[in-house]
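# Structure assessment
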Amino acid sequence: MKKAIITLALLALTAGLVSAQENKSWKRLENNVLLVGGLFLESGLQSYGNNPGAVLRVSYGLDVRLNEKWSLMPGAGLRTQLSDIRHFGWVGGDPDGMAMADVFVLGRYHFESDGSRIVLGLGPALSYMVSPDTYYIDADPSDPLNGKEKFNRFDLGMQPSVMFLHGKHFQWGFEGSIGLLNAMKQYPEYNRQGSIHLHYLAVTCGWHF
């Protein structure tokens, strides 16, 4: 009798776990493809009023659910950004422009509010300049800085985001990057030292599947 009771209890527990698994409203793994567009901003002693700029980014993330509320999303992206879009094309202008490859890991919190599915994200992003910017070579041919890189190849930032999920696959929201390191390359031998931090704030849209 005791064995029968234990067996029935184990069967009931197994059936309950299977039912809970089948009734989950979330996936253990989910792909996220995002297109990002917005403002590129610089801060620091040598930003020289280069704001506002423009940023475009495409990224992919694999959302790994830990439970109903929390997940981790590692991913990678490629972005291009250009500063001082007000004066782009002016004779003598030297806007900061670059292309960067990013890798990131976001901690994400999933919840519902008034029937809307919302995801908040925050985590570090490591960036590498695949197409670095250089000082404007036509400004003064005698300047030893002309042709030298303006920024360090690596940068580190924090990436906050908020996403709104609609239907089975569409999502939109807002994403940002807060530069934590001084990105300006230092040239003390040419009296070129200071600080520039790179940031962006953008609208996102994409798909999750």
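Attention now goes to the sheet that holds strand β6 (residues 154–166). Read around the closed barrel, eight strands run β1-β2-β3-β4-β5-β6-β7-β8, paired in antiparallel fashion. With strand direction ignored, the average angle separating the axes of adjacent strands in the sheet is 25 degrees. Relative to strand β3 (residues 70–82), strand β2 (residues 53–65) is paired through ten bridges, and the arrangement is antiparallel. Residue S59 lies in a different strand from β3, and its bridge partner there is G77.

Turning our attention to the environment of N67. Its place among the elements puts N67 in the loop between β2 and β3. In this structure, the C-alpha to C-alpha distance between N67 and W26, residues 41 residues apart in sequence, is 9.0 Å.

Mapped onto the fold, D63 is located in strand β2. For D63, a relative accessible area of 0% puts it in the buried group. Here the side chain of D63 touches S71 through a polar contact of 2.8 Å, side chain to side chain. Only 3.2 Å separates the side chain of D63 from the side chain of R108, close enough to count as a polar contact.

The next subject is a nonpolar patch on the surface. A cluster of nonpolar side chains, namely L35, V58, L78, V103, L126, Y128, V130, F154, L156, I178, L180 and L181, defines an oily patch on the protein surface of about 1,000 Å² accessible area. Only β5 (116–131) and β6 provide two or more residues apiece to the nonpolar patch. The element contributing the most residues to the nonpolar patch is β5, with three residues. Position of V103 relative to the elements: it lies in strand β4 (residues 97–113).

Counted under the stated rule, the structure contains seven salt bridges. Between E175 and R57 there is a salt bridge, with its nearest N and O atoms 2.6 Å apart. Remark: R57 occurs in strand β2 and E175 occurs in strand β7 (residues 170–179); sequence separation between them is 118 residues. This pair shows no difference in class: E175 is buried, exactly as R57 is. Taking the shortest distance from any N to any O, the salt bridge between D96 and K150 comes out at 2.6 Å. Of this pair, D96 sits in the loop between β3 and β4 while K150 sits in the loop between β5 and β6; the two residues are 54 residues apart in sequence, bridging distant segments of the chain. One network of salt bridges, in which partners are shared, links R57, R79, D102 and E175.

Quick look at the nonpolar core now. By size, the foremost hydrophobic cluster in this structure holds 16 residues, and its most contacted members are M98, M129, F151 and L198. Every element with two or more residues in this core is listed here: β1 (29–43), β4 and β8 (197–208). For this core, the element with the highest residue contribution is β8, accounting for three residues. Beyond its immediate chain neighbours, meaning those up to four positions away, M129 contacts M98, A99, M100, F151, N152, R153 and L198.

Cut-offs used in this document
- Residues numbered from 1 in each chain as written.
- Predicted model: local features only at pLDDT ≥ 70, side-chain atom pairs only at ≥ 80, totals over all residues.
- Heavy atoms only, no water.
- Pairing = 2+ DSSP bridges.
- Helix = DSSP H or I, 4+ residues; strand = E, 2+ residues; numbered from the N terminus.
- Axes fitted to C-alpha atoms, helices over the stretch in contact; angles between N-to-C directions.
- Buried < 20%, exposed > 50% of the residue type's maximum accessible area, 1.4 Å probe, protein only.
- Polar contact = N/O pair within 3.5 Å; in protein donor to acceptor, adjacent residues only side chain to side chain.
- Patch = residues over 30% accessible without salt bridge, like charges linked within 9 Å, V, L, I, M, F, W, Y side chains within 5 Å.
- Areas by Shrake-Rupley, 256 points an atom, 1.4 Å probe, with all protein chains shown as cover.
- Salt bridge = Lys/Arg side-chain N within 4 Å of Asp/Glu carboxyl O.
- Core = buried A, V, L, I, M, F, W, Y, C linked by side-chain atoms within 4.5 Å.
- Contact = heavy atoms within 4.5 Å.

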